[in-house]
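Structural features, examined
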Amino acid sequence: MEASALWQPLDDGLREISVLLEQHISPNSDQQRIWQQLQHYSQFPDFNNYLAFILARAQGQTVEIRQAAGLLLKNNLRTAYNSLAPANQQYIKSELLPCLGAADRHIRSTVGTVISVIVQQGRVFGWPELLQALVHCLDSNDLNHMEGAMDALSKICEDFPEELDSDVPGLAERPIDIFLPWFFQFFQSPHASLRKFSLNSVNQFIVVKPVALLRSMDQFLQGLFHLAHDPAPEVRKLVCTALVQLMEVCPSVLEPHLGNVIEYLLQANKDADDEVALEACEFWTTYCESEQLRPDRLREFLPRLIQVLLSNMVYGDDDESLVDAEEDESFPDRDQDIKPRFHASRFHGTDNTEEDDDDIINVWNLRKCSAAALDLLSNVFGDEILPNLVPLLQSQLAKSGDDAWKEREAAVLAFGAVGEGCIKGLYPHLPVIVAFLIPLLDDKFPLIRSITCWTISRYSKFVVEAIDDPKGHEQFDKILMGLLRRILDTNKRVQEAACSAFATLEEEAAEELAPRLEIILQHLLCAFGRYQKRNLRIVYDAIGTLADAVGGELNEPKYLDILMPPLIAKWQQLSNSDKDLFSLLECFTSIAQALGPGFAQFAEPVFLRCINLIRTQLLAKVDPISAGVQYDKEFIVCSLDLLSGLAEGLGSGIERLVAPSDLRDLLLQCCLDDAADIRQSALALLGDLARWHSSAQHSTEIKEAVSVANNACWAIGELAVKVHQDVSPIVLTVISCLVPILQSAESLHKSLIENSAITIGRLGWVCPELVSPHMDHFMQSWCSALCMIRDDIEKEDAFHGLCAMVRVNPQGALSSLVYMCRAIASWHEIRSEDLYNEVCQVLNGYKQMLQNGAWEQCMSALEPLVKEKLLSKYQVI
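Residues numbered from 1 in each chain as written. Predicted model: local features only at pLDDT ≥ 70, side-chain atom pairs only at ≥ 80, totals over all residues. Heavy atoms only, no water.

**Some points on the overall build of the protein chain**
- For the protein chain, the count of helices and strands is 49 helices and 0 strands.
- Seen along its three principal axes, the alpha-carbon backbone of the protein chain occupies a region of about 100 × 90 × 60 Å.
- The long-range share in the protein chain, meaning contacts at least 24 apart out of those at least 6 apart in sequence, stands at 74%.
- With an accessible surface of roughly 37,200 Å², the protein chain has 50% of that area assigned to carbon and sulfur atoms.
- For the protein chain, the centre of its 72 positive side-chain charges and the centre of its 122 negative side-chain charges are spaced 1 Å apart. (Helix = DSSP H or I, 4+ residues; strand = E, 2+ residues; numbered from the N terminus. Contact = heavy atoms within 4.5 Å. Areas by Shrake-Rupley, 256 points an atom, 1.4 Å probe, with all protein chains shown as cover. Lys, Arg positive; Asp, Glu negative; His and termini not counted. Charge placed at Lys NZ, Arg CZ, Asp CG, Glu CD.)

**Looking at the nonpolar core**
- Ranked by size, the top nonpolar core spans 309 residues in total, and within it Phe220, Phe283, Trp284, Phe599, Leu646 and Val727 carry the most contacts.
- Residues within four places of Val727 in sequence aside, it is in contact with Leu683, Leu719, Ala720, Leu763, Val766 and Cys767. (Core = buried A, V, L, I, M, F, W, Y, C linked by side-chain atoms within 4.5 Å. Buried < 20%, exposed > 50% of the residue type's maximum accessible area, 1.4 Å probe, protein only.)

**Quick word on the environment of Val734**
- With respect to the element layout, Val734 can be found in helix H41 (residues 731-743).
- Val734 sits 594 residues away from Ser140 along the chain, and the two C-alpha atoms are 72 Å apart.

**What about the pattern of salt bridges?**
- Using the criterion set out here, one finds 38 salt bridges in the structure.
- Linking Asp230 and Arg195 is a salt bridge whose minimum nitrogen-to-oxygen distance equals 2.6 Å. Highlighted residues: Asp230 in the loop between helix H14 (217-227) and helix H15 (233-249) and Arg195 in helix H12 (residues 192-203), separated in sequence by 35 residues.
- The exposure class assigned to Arg195 is buried, which follows from its relative accessible area of 9%.
- The closest approach of N and O atoms between Arg485 and Asp442, which form a salt bridge, is 2.9 Å. Note that Arg485 is positioned in helix H28 (residues 470-487) and Asp442 in the loop between helix H25 (430-440) and helix H26 (446-458), a separation of 43 residues in sequence. (Salt bridge = Lys/Arg side-chain N within 4 Å of Asp/Glu carboxyl O.)

**Considerations on the environment of Ser193**
- Residue placement: Ser193 occurs in helix H12.
- Given a relative accessible area of 19%, Ser193 falls into the buried group.
- C-alpha separation for the pair Ser193 and Ala232, spaced 39 residues apart in sequence, amounts to 9.1 Å.

**Here's the deal with unusual backbone geometry**
- Positive phi, normally seen in glycine, also occurs at Asn141, with a value near 65 degrees.
- One can find Asn141 in the loop between helix H8 (128-138) and helix H9 (143-159).
- A relative accessible area of 68% places Asn141 in the exposed class.
- At Ala510, a position not held by glycine, the phi torsion is positive, near 50 degrees.
- In this structure, Ala510 sits in the loop between helix H29 (492-509) and helix H30 (517-530).

**Focus: the packing of aromatic side chains**
- Inspection of every chain in the model, using the stated rule, returns 20 aromatic pairs.
- The interplanar angle of 55 degrees and the centroid separation of 4.6 Å between the aromatic rings of Phe582 and Phe635 together place this pair among those described as tilted. On the criterion of sequence distance, the pair formed by Phe582 in helix H33 (residues 580-595) and Phe635 in helix H36 (residues 633-650) is long-range, its members being 53 residues apart. In this structure, Phe582 and Phe635 share a single accessibility class: buried.
- Cluster of aromatic residues (ring-pair linked, three or more members): Trp571, Phe588, Phe599 and Phe602.
- Above the plane of the ring of Phe197 lies Lys196, whose end atom (NZ or CZ) is 5.0 Å from the centre.
- Across the ring face of Trp571, the terminal group of Arg609 is positioned such that the distance to the ring centre comes to 5.5 Å. (Phe/Tyr/Trp six-rings, centres within 6.5 Å; stacked < 30°, edge-to-face > 60°. Lys NZ or Arg CZ within 6 Å of the ring centre and 35° of its normal.)

**Observations concerning helix H44 (residues 775-786)**
- Taking 1.5 Å per residue, 12 residues should reach 16 Å; H44 reaches only 14 Å between its end C-alpha atoms and comes up short.
- Within the span of H44, buried status applies to Met775, Phe778, Met779, Ser781, Trp782, Cys783, Ala785 and Leu786. (Expected span 1.5 Å × (residues − 1).)

**Brief notes about the confidence of the model for the protein chain**
- The predicted model of the protein chain averages 87 in pLDDT, with 91% of residues at 70 or higher.
- Considering each helix and strand of the protein chain separately, the mean pLDDT is smallest for helix H20 (residues 344-347), with a value of 28, and largest for H12, with 97.
- Within the model, pLDDT remains below 50 along residues 693-706, and this stretch shows 20 contacts once partners closer than five positions in the same chain are excluded. (pLDDT = per-residue confidence, 0-100.)

**A closer look at helix H23 (residues 405-417)**
- With 13 residues, H23 extends 18 Å from end C-alpha to end C-alpha; this agrees with the ideal 18 Å at 1.5 Å per step.
- Extensive coverage of H23 is indicated by the burial of 12 of its 13 residues.
- Turning to H23, its buried residues are Trp405, Lys406, Arg408, Glu409, Ala410, Ala411, Val412, Leu413, Ala414, Phe415, Gly416 and Ala417.

**What about the packing of H8 against H9?**
- Viewed as axis vectors pointing N to C, H8 and H9 meet at an angle of 135 degrees, and their least axial separation amounts to 7 Å. When the axes of H8 and H9 are compared, the pair comes out oblique. In the crossing of H8 with H9, the sense of the turn from one axis to the other is left-handed. Facing Leu130, Leu134, Cys137 and Leu138 of H8, the residues of H9 in contact are His145, Met146, Ala149, Met150, Ala152, Leu153 and Ile156.
- Classifying every residue of the contact of H8 with H9 by side-chain character gives 10 nonpolar, 1 polar and no charged. (Axes fitted to C-alpha atoms, helices over the stretch in contact; angles between N-to-C directions. Parallel < 35°, antiparallel > 145°, perpendicular 65-115°, else oblique. Left-handed = near helix turned anticlockwise from the far one by under 90°. Nonpolar A, V, L, I, M, F, W, Y, C, P; charged D, E, K, R; others polar.)

**Section: the side chain of Asn203**
- One can find Asn203 in helix H12.
- On the basis of relative accessible area, Asn203 is assigned to the buried category, the value being 2%.
- Apart from residues lying up to four places away in sequence, Asn203 is in contact with Phe220, Leu238, Thr241, Ala242 and Gln245.

**A closer look at the side chain of Glu147**
- In this fold, Glu147 is placed in helix H9.
- Engagement of the side chain of Glu147 in a polar contact is seen with the side chain of Arg108, the distance being 2.7 Å.
- Once you skip the residues sitting within four places of it in the chain, Glu147 turns out to touch Arg108, Ser193, Leu194 and Phe197. (Polar contact = N/O pair within 3.5 Å; in protein donor to acceptor, adjacent residues only side chain to side chain.)

**Quick word on the packing of helix H45 (residues 793-808) against helix H47 (residues 833-849)**
- Where H45 contacts H47, the axes come no closer than 10 Å and their chain directions differ by 35 degrees. As for how H45 packs across H47, the hand of that crossing is left-handed. Along its contact with H45, which presents Glu796, Phe799, His800, Cys803, Val806 and Arg807, the element H47 presents Leu835, Glu838, Val839, Val842 and Tyr846.
- Of the residues assigned to the contact of H45 with H47, the class counts are 7 nonpolar, 1 polar and 3 charged.

What follows is the structure in structure tokens.
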């Protein structure tokens, strides 16, 4: 009996869910209330059956409601398919298959989406009827059925291509062997939809490289060349996508056809459809990054290619609809490198600063891609491209008048793009180039001002290198003041570009900024008071980079009076859930490291806020309602990093903050967290604290420091036995901090010595291969400290470490054997049978190693009571 005959919807339930879906897609409804009701319905076992019924059979409902049912069904199945009763799974599948040929393409598309999710969750072999239905539809000659099947296959290939290249019980061949011939056949279809679906499906396998596709590569290439000039732009785009992917993963298949491929892509790069042109443009960066093809194959095409790229870098009509000042990875000089792209018609001739951040459209476009390609070409061919490029740039820069600003702006962008790859050829002309760029910082067009900031940042290294020359010094000051003016620009996109460029200049200039600190801080803090939420983050970065660059030069009252009050005020203003804290935390980290002990006067509120942030987020992870915030691990990571900066900067001054806090307990929780970056930051902070504790022995306040040092030793030791190898990044740092404590045992508190000895043992237990090579530096003082510890589990841990290190490096303890025997004899009784056996193996191992009376000589150096214990308890004498 069919599943559809086993389950039928109730009229009332069908009506209620349909009404709810209608409200759900209405823009004026109470979405939160509706979502809660949908969640309530989802508790019923057959709720997804209702959704499948509405999608497949509710002919009286609008297409929009049926689609909404299908999309909700897709989301539910993505998380709950495998927990559904088999009968309900079967019902849903039985309703979907007849809809592959639905008359409405929106319904077909939604059905294809749901089918793909089921394949992801239940695999192809869990739905044998699907393959039969797809083949039947493809073979039907009915366009709706063929489109529905190809839509579903295209989505399966996108989401889970490996599934079609796997063995299926009951099938003599893999699904890809069945469908690949159909895909190739549809390359010739008169219907654009089928050509598009089939090519998109094959493209998903290029990276996977199944045997079936490799065997058919010639046929695939012939199909691509057939489709190269397809009238449908979406098909031409997919042709370009295929060529880019082939160049990336198996360029050898293109090599025999490379000349024709390049010719085609040069033409496609000028396609009237921007998406086709963009996809074609991706080919050049992929080619330049290929390690298998010789760059000289591209050499003969360089003059035309450069001209095409430069033409694409001029703002087009579509670019003028964009406001794009987001981070652009096409120029990876620095992590915060900003390549502003502005809304031309909106900012052209105006300096409006009131736009919302939502105006920014974060897109990768033809302009950016072309600039990235030019950047890579310059790195591959170097100065060789200049004879073709420079005349074009000079021509564009020579154009005057407001109507030619786009060409001038593109030329400035191009000079920035080749600023690294062609630096050798440009170097003799850089004074002229930079001198030309400086006035453009004050151009009437915001777009030109912004891109000039970025281009100047590309030549920052040169500007700083020339500073010792009088003219170079003057030029540096002009650049510095020009960027500072732009930081206070009336256009916020220019502000952003200027801040980013200035941060790059700071990194290059470093101490050269010291004489100019006051005016720099005045501009940055003026911007701090003027900027809106988004650009504030970039000011934080610029201030932090300044602190990194000038270091202790910042530690003067006149500078701190400008810098710190507004930052502290903002720090106290922001809530525990405000993500602007991330940038401010990073900024404070740099300032704390730069000021060192000078940061002490500002440290307490910062330290306490970090502790509160960590505590709140750890609570939010298990109970967000009680915490009052949603969990976000970045708050923990940034807070831990700032605390590390405080520990590094304040040194022993951190003591008064750590001692009364619950930092130790919070660190242990963080070190055991399931997020690797939280563990890493917590481990780093523990290492920083341990580094201070080792120097605390020289402090005049050593008595007050003991409790803090003990906390760190204990915490690191406890951590080691819980996370084992995960503690390895800080092992050697901690060992180097603890050994001096053991070597100064006479002047330090007994509990600190004991905790240090236990922690060394625990670290040696979990990471013996790291610690054992250094045993000869600390064995004697360590074994002496082990003698002081009473019998308990912590002493057992330490001796497990001793035995583990001796197994790895027996020679390392040989010169300290007498001290080790005394430590072993300090036990009243080893209750752990495993440890007792390990100790016996160590002693007997040395007895066998030492020949010609060496063992007896060692034993003669021991006190009688020690020798008696070794004989009676371990039978080794």
